[in-house]
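So the chains spell out like this:
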Amino acid sequence: MHFRPVLVPLLLFVAAGLSGCGGGASRGGQTEFISIGTADIGGSFYQIGASIADVLNDRKDEAGWKKVTAEVSGGSLENIRRLETGDVQIGMSNSSITYFAVRGEGGFDRRHEVKSIMTLHPLVAMFVTRADSGVQTLQDLKGRRVVIGPEGAGFEYFVGPILAEHRLSLEDVQVVHAGMETSVGYLQDGSVSATFLGGGLKSPAISSAASSAEIHLIPYDESARQELIRKYMPFEAVTVPAGTYRGIDRDYTGLNVGSTHLLVRSDADDEFVYRVTKIIYEGREKVAQTHAAGRFINAQNVVRDTGTEFHAGAIRYYREIGIWPEAGQGANAGRTSGEQQPAESDQP
């Protein structure tokens, strides 16, 4: 597969704590208890992870496991670490972070042995501010207090390049670390000028912020947005329709800063991964009933190449149902050149 070159500032904090291999329940033998690493409760990772856990539990007797649990975690970086130590058997991650982790680049001091089993929904992320904050553009954030996500969660992978294309850096803002729920509180009481929020096509955190205050979605400079899409393989164009959030009456032209995908260890048992992939895909309608992002579990999207190799057990299932892109059919299946448009009926 061919990947576009990506340049990201060295992030030394990433390397710390991402070490060790450990054993996992999914490496051969009988897998009895499955943990899915998600993120904090306020975001789409947890909601979708919990729904996927329900789907896997519905067929646990057939599959041979006893219980599947969605675990609250620090997000992508922690999930990659916990996969390698065997603390979780499935991990949710942002493909922008995994892209560097599997290559040992962008602040990772070695390659991390994880593989994808399914590409999920786009992660639509943006800077959100109160309408009365005086912040209209990203340049207005200079010198202000801005939440860029939980400490160590890896949001710098998105925020750093975005700011750089807008002639800013993390040093130009007063960085505040906080989870989604906390950062929404900070925004509502004026403790910060903006917070970097997102998730699925309709983020619970942004909906919460809009429920008690008039919000403003800070726009990207269009030339900068196009340059980000050109430079970074996991970044894609996306439009958030008017009315998605209270008080936002115009379409928002944004970015998918790296789709969510499901990961396993590279050495996870092929049969285990095959069964997990099959059950999630066949239960996709139930996931979609819980969260609109479940609609992205479809034939075109699940095999979409985001820069991380797929596990052989997942490929086996996708070939079995005829959706895996074979040689000559395009290795970047589903990679779009235009806007990703949500279905009109998508609701959380």
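Our subject is the structure listed above.
What counts, and at which threshold
- Residues numbered from 1 in each chain as written.
- Predicted model: local features only at pLDDT ≥ 70, side-chain atom pairs only at ≥ 80, totals over all residues.
- Heavy atoms only, no water.
- Helix = DSSP H or I, 4+ residues; strand = E, 2+ residues; numbered from the N terminus.
- Buried < 20%, exposed > 50% of the residue type's maximum accessible area, 1.4 Å probe, protein only.
- Areas by Shrake-Rupley, 256 points an atom, 1.4 Å probe, with all protein chains shown as cover.
- Contact = heavy atoms within 4.5 Å.
- Expected span 1.5 Å × (residues − 1).
- Polar contact = N/O pair within 3.5 Å; in protein donor to acceptor, adjacent residues only side chain to side chain.
- Salt bridge = Lys/Arg side-chain N within 4 Å of Asp/Glu carboxyl O.
- Phe/Tyr/Trp six-rings, centres within 6.5 Å; stacked < 30°, edge-to-face > 60°.
- Lys NZ or Arg CZ within 6 Å of the ring centre and 35° of its normal.
- Pairing = 2+ DSSP bridges.
- Axes fitted to C-alpha atoms, helices over the stretch in contact; angles between N-to-C directions.

Thoughts on the overall build of the protein chain
From N to C terminus, the protein chain includes 12 helices and 12 strands. Considering the protein chain as a whole, with its 348 residues, one finds that 56% of them fall into the buried category. Of the roughly 13,900 Å² of accessible surface on the protein chain, 47% is carried by carbon and sulfur atoms.

Things to note about unusual backbone geometry
For Arg167, which is not a glycine, the phi torsion comes out positive at approximately 60 degrees. Assignment of secondary structure puts Arg167 in the loop between helix H6 (156-165) and strand S7 (174-176).

Here we look at helix H12 (residues 312-320)
Every buried residue belonging to H12 is among Gly313, Ala314, Ile315, Tyr317 and Tyr318, and all of these are buried. On its buried face, H12 sits against strand S4 (114-119) and helix H10 (270-282). With its phi angle positive at about 80 degrees, Gly322 sits one or two positions after the end of H12.

A few points about H10
The terminal C-alpha atoms of H10 lie 18 Å apart, and with 13 residues this matches the ideal 18 Å at 1.5 Å per residue to within 8%. Residues of H10 that are buried include every one of Phe272, Val273, Tyr274, Arg275, Val276, Thr277, Ile279, Ile280 and Tyr281, and no others. Measuring from the side-chain oxygen of the N-cap residue of H10 to the backbone nitrogen of Glu271 gives 3.2 Å; that N-cap residue is Asp269.

What to know about the pattern of salt bridges
The tally for this structure, following the rule as stated, stands at 17 salt bridges. Between Glu32 and Lys66 there is a salt bridge, and its shortest N-O distance comes to 3.9 Å. Of this pair, Glu32 sits in the loop between helix H1 (12-15) and strand S1 (33-37) while Lys66 is found in the loop between helix H3 (60-63) and strand S2 (67-71), placing the two residues 34 residues apart along the sequence. With a closest N to O distance of 3.1 Å, Asp132 and Arg130 form a salt bridge. When salt bridges that share partners are traced, they join Arg59, Glu62, Lys278 and Glu282 into one network.

Re the packing of aromatic side chains
One pass over the full model with this rule turns up 14 aromatic pairs. Summarising the aromatic geometry, the rings of Phe127 and Phe196 are spaced 4.8 Å apart at their centres and angled 55 degrees between planes, so their arrangement reads as tilted. Of the two residues, Phe127 is situated in strand S5 (residues 124-130) and Phe196 in strand S8 (residues 194-199); the sequence distance between them amounts to 69 residues. Exposure class is identical for Phe127 and Phe196. Each is buried. Positioned above the aromatic ring of Tyr281 is the side chain of Arg284, whose terminal nitrogen or guanidinium carbon lies 4.2 Å from the ring centre. Note that Arg316 overlies the ring of Tyr274, its terminal NZ or CZ placed 3.8 Å from the centroid.

A look at the side chain of Glu84
Note that Glu84 resides in helix H4 (residues 76-85). Here Arg110 takes part through its side chain, which lies 2.8 Å from a polar atom of the side chain of Glu84. One polar contact links the side chain of Glu84 to the main-chain amide nitrogen of Glu113, over a distance of 3.0 Å.

Examining the environment of Leu77
Structurally, Leu77 can be placed in helix H4. Taking the C-alpha atoms as reference points, Leu77 and Thr98, separated by 21 residues in sequence, lie 8.4 Å from one another.

Points about the sheet that holds strand S3 (residues 90-94)
Taken in spatial order, the 5 strands of this open sheet run S2-S1-S3-S12-S4, and their pairing is mixed. One side of each edge strand has no neighbouring strand; the edge strands of this open sheet are S2 and S4. For this sheet, the mean inter-axis angle between neighbouring strands, taken without regard to orientation, is 30 degrees. With 2 bridges connecting them, S1 and S3 associate as parallel partners. Across the sheet, the residue bridging to Ile36 is Ile90, located in S3. Most of the contacts of helix H2 (residues 44-58) go to S2, to which it runs at about 180 degrees, and overall it touches S1, S2, S3 and strand S12 (260-265).

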